[in-house]
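Structural overview
Residue strings, one per chain:
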Amino acid sequence: MTRNTSNETSADRADLILALEEAAQPCFVTLEGDVRELKDGIELCGVAVRGASLRAHLAGCERALLFAATLGVQVDRLISRRAVLSVADAYLLDTLASEAIERYCDEVQEALSDRSDGLYLRPRYSPGYGDVPMETSFALLNALHAGKRIGLCATARGMLTPVKSVTAFIGLTREKQSCHIHKCAACPNTGCAFRKEA
Amino acid sequence: MEFLQALRERLLFFDGAMGTLLQEKGLAAGDLPERWVLAHPETVRGVHAAYYEAGADIIKTCTFGNNACKLKHAGLSVGDVSREAVRLARDAVSARGHGYVALDVGPIGRLLRPLGDLGFEEAVDLFKEHIAAGAKNADLVLIETMTDAYELKAAVLAAKESCDLPVIATVSPDVNSRMLTGADMAAVVSMLEGLRVDALGLNCGRGPAELFPLLESILSLSSIPVAFSPNAGLPHGTGKEAYTLSPEAYASHMKNAALAGSRLLGGCCGTSPDYIRHMIQACAGLSPLPVTPKHDTVICGYGRAVRFADAPVLIGERINPTGKPKLKAALKDGDHALILQEAVRQQESGAQVLDVNAGLPDIDEASVLEELVTKIQGVCELPLQLDTANTEALSRALRIYNGKPMINSVTGAKASMDAVFPLAKKYGAVIVALTLDEKGIPETADGRFRIAERILARAAEYGIDKKDIIVDALTMTASAAPQNGGVTLATLRRVKTELGVKTSLGVSNISFGLPNRELLNAAFFTLAVGAGLDAAIVNPYSVPMLDAFRACNVLLGNDPGCASYIGAYAQSAAAPAAIGEKASLGECVYRGLREEAVRQARAHSADPLGAIDREVIPALDRVGQAYEAGKLFLPGLLMSAEAAKAALFELCPSQSGGDAGDVIVATVKGDVHDIGKNIAASMLSSYRFHVIDLGRDVTPETILDAVKARKAKLVGLSALMTTTVVSMRETVALLKKEAPLCRIMVGGAVLTPELAADMGADRYVKDAMASVRYAKEVLG
């Protein structure tokens with residue numbers, strides 16, 4: 001017996017993509033400032049981050065952006081609602097939404113890279129990467145007024161709500177070595193299971 | 001002069017931005033204005049004084065972010081900031097000899113459950129801490145820049161329960177004219193008026209020109225004064241905050257706002273004393289337009305408002321245990337999946353409001369109704385009709401409800417009115433008034449009409465407007481007496497024309513004891529709509545009822561372009577999708593064909609257990625093997641699980657809850673990412689385990705209570721992030737201490753077998769199939 005569900009799944013998927021597009025209200029905020037070197041980390045727009053990894057990522061950047069983006073609460077609601085009738089649908093939506101927020105961030109970053117001051121954007125670097133604590137999101141969201149401006153908050157444990165959201169630091173550099181699209185090629189973790197070769 | 005007196009007599013002017021001015025004086029990004037209240041009081045007082053000199057009547061305290069959530073990292077006391085901030089504003093007012101101090105209240109900065117992890121009462125308490133400390137020396141409470149209607153409700157309740165000051169609430173909608181969490185302006189206005197605020201309006205977000213259409217819309221909806229404090233245009237440039245409008249341009253827009261009917265005018269981000277001075281000069285000599293009462297009957301959940309206007313509103317009746325053994329069992333078990341399915345399915349069938357009834361003799365109705373309302377509002381935006389005769393249940397459900405609900409119901413009996421009206425007055429609701437009283441149901445239309453009159457009069461004494469009363473003329477069974485239908489319809493007509501109120505009926509009662517009930521129900525519904533019926537409690541799955549509803553809408557001109565009608569019926573001639581070769585039940589499960597699996601299951605009704613053992617379970621096992629071998633992916637696995645569950649439901653409805661043992665699953669406290677837990681729950685229940693899903697962001701105590709109550713032998717916990725693994729560790733520790741016999745399996749993105757062992761869990765499960773295998777091991 002062969003498993004042939006292509007007809008049903010492709011029909012479902014179109015329906016899910018449509019539902020996701022309808023629910024998503026993607027939006028973002030940024031704040032630009034000088035990168036200040038601290039004894040054991042860096043500070044940007046009042047957000048202090050201890051540790052080596054962000055400092056290394058922003059090496060050579062005099063300025064940088066705080067960045068936050070979200071698909072909005074209606075996507076979370078859509079996934080919860082679909083889960084009531086079909087976890088398969090909810091799972092597919094969840095996956096599609098994760099892909100959608102990453103793609104949206106890439107598009108925004110592409111647009112942000114159109115600058116007249118000769119500075120280039122480095123890849124996004126988010127709380128949770130390297131030794132940057134998840135809790136950094138609190139200060140980052142605060143400095144961006146992200147709750148008020150795009151409805152992006154964090155739970156007491158530092159998890160972003162709405163769930164399909166991103167917070168990040170984006171370095172600005174004079175050399176065109178940045179690769180905000182070919183993220184993986186710039187990453188030192190060559191053993192990562194998710195690594196994509198550009 | 002008292003603030004409210006002044007508001008009745010003339011235009012009043014707020015001051016402008018605080019943060020913008022403090023930034024000019026050195027407030028750095030990331031620093032808190034609240035810290036400046038204590039550290040630089042002279043600077044804050046100076047800003048107040050400058051606004052006063054510009055002519056502002058109302059000075060807002062520098063307390064926008066004054067709540068324990070935002071201040072906890074700064075080591076500041078909320079009470080100290082409140083008191084000191086009010087004192088600074090009061091100093092400025094006293095120096096002038098007139099004017100008002102508004103205690104400013106901004107959003108907490110966290111999303112409320114179920115979208116975030118902040119509980120509703122926690123939010124109320126956070127607001128209360130600030131308001132109670134600051135209210136003593138203030139003249140009014142200003143709740144502003146709200147982007148979530150639910151948080152707004154928490155703030156208004158906190159203000160009302162902390163002091164007797166007038167309350168003004170202003171919101172900051174997004175570019176779609178909705179709150180960020182979904183409510184439209186009609187919903188916000190109806191909720192705020194229901195909560196009895198003294199004025200409402202808009203602030204922040206955008207400039208006066210961009211917000212003007214929204215202001216006009218709010219003026220057309222509101223029966224109370226409207227406030228308007230936009231930004232100084234749109235932000236431009238990078239870095240330092242800068243806005244597009246000059247003080248002169250701002251002032252001319254604000255004069256238009258006053259001419260349109262706004263009575264409270266002020267400034268938000270980017271404005272300064274100069275803007276306020278120009279605005280006041282531009283409005284000199286203007287008298288405020290009168291506030292006109294609006295008569296629409298409006299309810300809402302967290303999304304769009306529902307207005308009782310031309311077309312009748314369909315209220316789904318399915319969430320009610322009366323006569324539904326499965327629902328009864330689910331309610332008693334605390335298993336709410338079935339109820340949530342009913343909620344979503346009724347909405348998809350066309351219901352516009354959902355009746356929610358949890359009345360069973362041997363359950364704690366107050367707790368259950370509260371929990372149901374919360375859970376339904378997690379997945380369904382429709383307004384709810386809270387259906388209970390239990391005052392405690394009504395009170396608790398009204399309190400945590402997101403929006404403005406309906407209450408089902410009040411009667412003409414004194415005890416009923418004494419219980420329901422105070423609650424409706426406090427929380428705001430549209431109340432269904434049944435035309436019966438202590439003496440029972442009058443047999444004549446005249447008798448029922450008089451009760452309706454009496455209920456309206458009593459409601460008015462509580463300050464409840466007749467637009468918030470919907471009269472139910474009571475449907476009596478047609479087979480019991482031939483005049484029953486006629487009396488109901490006659491009452492309905494009189495109530496509608498002579499009292500000018502909206503009407504509702506529980507339609508299905510008409511057909512008790514007769515065959516082909518759906519036909520009678522639909523016919524009676526049609527007659528009632530002809531008599532002016534505004535709302536009907538119906539079974540939204542009934543095809544004849546929906547047919548009658550759509551047809552009535554066309555015939556009474558409530559379906560523009562017949563669009564809904566055509567949408568529903570133009571395709572109905574098309575044949576259902578052809579099914580190729582007939583697949584066996586097992587094959588349907590294997591291929592994840594839910595509908596077909598149900599059809600095939602029907603053919604096995606003679607030997608359901610045999611079909612489960614020979615067809616369903618082996619197919620599931622093969623799917624599981626294919627998945628684990630990497631030949632099949634997660635969506636396929638889940639579709640098979642769902643096909644299996646649907647087939648099991650068809651084969652053994654009485655055991656569809658699962659008979660292979662209880663498994664309690666939960667996503668731990670602080671964690672709102674629950675897709676992994678949902679997948680595991682789905683797989684477990686397809687293998688006939690009875691899954692009690694406690695949801696996400698669940699405290700260790702709640703999980704322990706559930707384990708003890710069910711004497712559960714197995715718990716599954718999920719956590720996505722390193723930060724929430726902490727909660728998982730706490731939960732495991734508590735369970736091991738208090739319920740040592742219960743096995744614990746844990747899963748989630750950041751977990752490893754080592755981490756699981758380290759926290760004392762019994763098993764790390766890498767995916768849903770692994771959780772099934774462990775459940776078989778423990779319970780099998």
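These remarks concern the structure in this document.

Rules used throughout
Residues numbered from 1 in each chain as written. Chains lettered and ligands numbered in written order. Predicted model: local features only at pLDDT ≥ 70, side-chain atom pairs only at ≥ 80, totals over all residues. Heavy atoms only, no water. Pairing = 2+ DSSP bridges. Helix = DSSP H or I, 4+ residues; strand = E, 2+ residues; numbered from the N terminus. Axes fitted to C-alpha atoms, helices over the stretch in contact; angles between N-to-C directions. Contact = heavy atoms within 4.5 Å. Phe/Tyr/Trp six-rings, centres within 6.5 Å; stacked < 30°, edge-to-face > 60°. Lys NZ or Arg CZ within 6 Å of the ring centre and 35° of its normal. Parallel < 35°, antiparallel > 145°, perpendicular 65-115°, else oblique. Left-handed = near helix turned anticlockwise from the far one by under 90°. Nonpolar A, V, L, I, M, F, W, Y, C, P; charged D, E, K, R; others polar. Disulfide = S-S within 2.5 Å. Salt bridge = Lys/Arg side-chain N within 4 Å of Asp/Glu carboxyl O. Buried < 20%, exposed > 50% of the residue type's maximum accessible area, 1.4 Å probe, protein only. Right-handed = clockwise from strand over helix to strand, strands pointing away. Expected span 1.5 Å × (residues − 1). Buried area = accessible area lost by both parts, 1.4 Å probe. Polar contact = N/O pair within 3.5 Å; in protein donor to acceptor, adjacent residues only side chain to side chain.

**Quick notes on the sheet that holds strand β5 (residues 120-125) of chain A**
Residues and elements named next belong to chain A.
- Spatially, six strands are ordered β3-β2-β1-β4-β8-β5 in an open sheet, and the strand pairing comes out antiparallel. With one partner strand each, in any of the chains shown, β3 (47-50) and β5 form the two edges of the open sheet. The sheet shows a mean angle of 30 degrees between the axes of neighbouring strands, direction not considered.
- As judged from the four bridges shared by β5 and strand β8 (residues 165-173), these two strands associate in the antiparallel manner. Note that in β8 the partner of tyrosine 125 across the bridge is phenylalanine 169.
- Strand contacts of helix α5 (residues 136-144): β1 (27-38), β3, β4 (63-70) and β8, with the helix running at about 95 degrees to β4, the strand carrying the most contacts.

**Concerning unusual backbone geometry**
Residues and elements named next belong to chain B.
- Note the cis peptide between arginine 113 and proline 114, where omega equals 5 degrees.
- Considering the arrangement of structural elements, one finds proline 114 in the loop between β3 (100-105) and α7 (120-134).
- Cis rather than trans, the peptide bond between asparagine 408 and serine 409 has omega equal to 15 degrees.
- A positive phi angle is found at threonine 145, which is not glycine, with a value near 55 degrees.

**Structural notes on the sheet that holds strand β19 (residues 662-667) of chain B**
All names here are of chain B.
- Pairing is parallel in the open sheet, where five strands are placed in the order β20-β19-β21-β22-β23. A strand with exactly one partner marks an edge of an open sheet, and here the two such strands are β20 (690-693) and β23 (763-764).
- By the bridge criterion, four bridges tie β19 to β20 in an arrangement that is parallel. Opposite isoleucine 664, over in β20, you have isoleucine 692 as the bridge partner.
- Along the sheet face, helix α28 (residues 700-710) touches β19, β20 and β21 (714-718) and points at about 175 degrees away from the line of β19.

**Details of the packing of aromatic side chains**
- Enumeration over the complete set of coordinates arrives at eight aromatic pairs over all chains.
- Taking 4.7 Å as the distance between ring centres and 20 degrees as the angle between the ring planes, the aromatic pair formed by B:Phe120 and B:Tyr150 counts as stacked. With B:Phe120 in helix α7 and B:Tyr150 in helix α8 (residues 149-162), the pair connects residues that are 30 residues apart, well separated along the chain.
- Directly above the ring of B:Tyr302 sits A:Arg77, whose terminal nitrogen or CZ lies 3.5 Å from the centroid.
- Stacked on the ring of B:Tyr590, the Lys or Arg B:Arg622 has its end atom at 4.5 Å from the ring centre.

**Here's the deal with the packing of helix α11 (residues 247-260) of chain B against helix α12 (residues 273-282) of chain B**
All names here are of chain B.
- Packing of α11 against α12 leaves a shortest axis separation of 8 Å and a crossing angle of 45 degrees. Judged by the inter-axis angle, α11 sits oblique to α12. The chirality of how α11 crosses α12 is right-handed. Where α11 abuts α12, its residues Pro247, Glu248, Tyr250, Ala251, Met254 and Lys255 lie against Asp274, Tyr275, His278, Met279 and Ala282.
- Class assignment for the residues of the contact of α11 with α12 results in seven nonpolar, one polar and three charged.

**Quick notes on the state of the cysteines**
- Summed over the entire model, instances satisfying the criterion amount to zero disulfides over all chains.
- Unpaired in terms of disulfides, B:Cys204 finds its nearest cysteine sulfur in B:Cys269, a separation of 3.7 Å.

**A short note on the pattern of salt bridges**
All names here are of chain B.
- In total, this model carries 63 salt bridges over all chains according to the counting rule given.
- The salt bridge partner of aspartate 362 is lysine 332, with a shortest N-O separation of 3.7 Å. In this pair, aspartate 362 is assigned in the loop between β12 (353-356) and α15 (365-379) and lysine 332 in helix α13 (residues 325-333), connecting sequence segments 30 residues apart.
- The exposure class assigned to aspartate 362 is exposed, which follows from its relative accessible area of 54%.
- Here lysine 332 falls in the partly exposed class, since its relative accessible area comes to 48%.
- One salt bridge in this structure joins aspartate 674 and lysine 677, with 4.0 Å as the shortest N-O distance.

**Some words on the environment of A:Lys148**
- By the element assignment, A:Lys148 lies in helix α6 (residues 146-150).
- The exposure class of A:Lys148 is partly exposed, given its relative accessible area of 26%.
- The spacing of A:Lys148 and A:Ile101 is 47 residues in sequence and 20 Å in space, taken between C-alpha atoms.
- Look past the residues within four positions of A:Lys148 in its chain and what remains in contact with it is B:Phe64, B:Thr145, B:Thr147, B:Leu180, B:Cys204 and B:Cys269.

**Description of the pairing of β19(B)**
All names here are of chain B.
- Taking burial as the measure, the six residues of β19 include six buried ones, the bulk of the element.
- Residues Asp662, Ile664 and Ala666 of β19 are buried on one face, and the alternating residues Val663, Val665 and Thr667, pointing to the opposite face, are buried as well.
- With helix α27 (residues 675-686) bridging β19 and its parallel neighbour β20, the resulting β-α-β unit is right-handed.

**Notes on helix α17 (residues 414-427) of chain B**
All names here are of chain B.
- Compared with the 20 Å implied by 1.5 Å per residue over 14 residues, the 20 Å span of α17 between its first and last C-alpha is a close match.
- Residues Ser416, Met417, Val420, Phe421, Leu423, Ala424 and Tyr427 constitute the buried set of α17.
- Of the residues one or two after α17, glycine 428 is the one with positive phi, at around 80 degrees.

**Description of the interface of chain B and chain A**
- Facing 62 residues of chain B, the contacting portion of chain A comprises 46 residues.
- Where chain B abuts chain A, roughly 4,600 Å² becomes buried across the two surfaces, and 64% of that area is made up of carbon and sulfur atoms.
- When the buried surface of chain B facing chain A is broken down by residue, B:Leu115, B:Leu180 and B:Thr723 rank first, second and third, together holding 12% of it.
- For the salt bridge of A:Arg157 with B:Glu730, the shortest nitrogen-to-oxygen distance reads 3.6 Å.
- The interface formed by chain B and chain A holds eleven residue pairs in polar contact (both at pLDDT 80 or more) in total.
- Put simply, the parts of the chain that give the side of chain B that touches chain A at least two residues each are α14 (337-349), α15, α23 (585-591), α25 (608-628), α26 (634-651), α27 and α29 (722-738) of chain B.
- Examining the composition of the side of chain B that touches chain A, we find that seven residues originate from one element, α26(B), more than from any other.
- Considered class by class, the residues forming the side of chain B that touches chain A number 26 nonpolar, 22 polar and 14 charged.

**Some points on helix α31 (residues 768-779) of chain B**
Residue and element names in this part refer to chain B.
- Compared with an ideal rise of 1.5 Å per residue, which puts twelve residues at 16 Å, α31 spans 16 Å between its outermost C-alpha atoms and is within 8% of the ideal.
- The set of residues buried in α31 consists of Ala768, Met769, Ala770, Ser771, Val772, Tyr774, Ala775 and Leu779.
- The backbone nitrogen of methionine 769 has a side-chain oxygen 3.3 Å away, supplied by the residue at the start of α31, namely aspartate 767.

**Examining the packing of helix α4 (residues 87-112) of chain A against α27(B)**
- With their axes 10 Å apart at the nearest point, α4(A) and α27(B) run at an angle of 155 degrees to one another. In terms of axis orientation, α4(A) runs roughly antiparallel to α27(B). Our pair here, α4(A) against α27(B), has a crossing hand that is left-handed. Facing A:Val87, A:Ala90, A:Tyr91 and A:Asp94 of α4(A), the residues of α27(B) in contact are B:Ile675, B:Asn678, B:Ile679 and B:Ser682.
- Residue classes in the contact of α4(A) with α27(B) are distributed as five nonpolar, two polar and one charged.

**Examining the pairing of strand β16 (residues 469-472) of chain B**
Residue and element names in this part refer to chain B.
- Neither face of β16 is open: one carries Ile469 and Val471, the other Ile470 and Asp472, and all of them are buried.
- As judged from the four bridges shared by strand β15 (residues 430-434) and β16, these two strands associate in the parallel manner. Within β16, the residue paired with leucine 434 across the bridge is aspartate 472.
- This β-α-β element, β15 to helix α18 (residues 445-461) to β16, shows right-handed connectivity.
- Strand direction decides the pairing type here: β16 and strand β17 (residues 502-506), joined by three bridges, are parallel.

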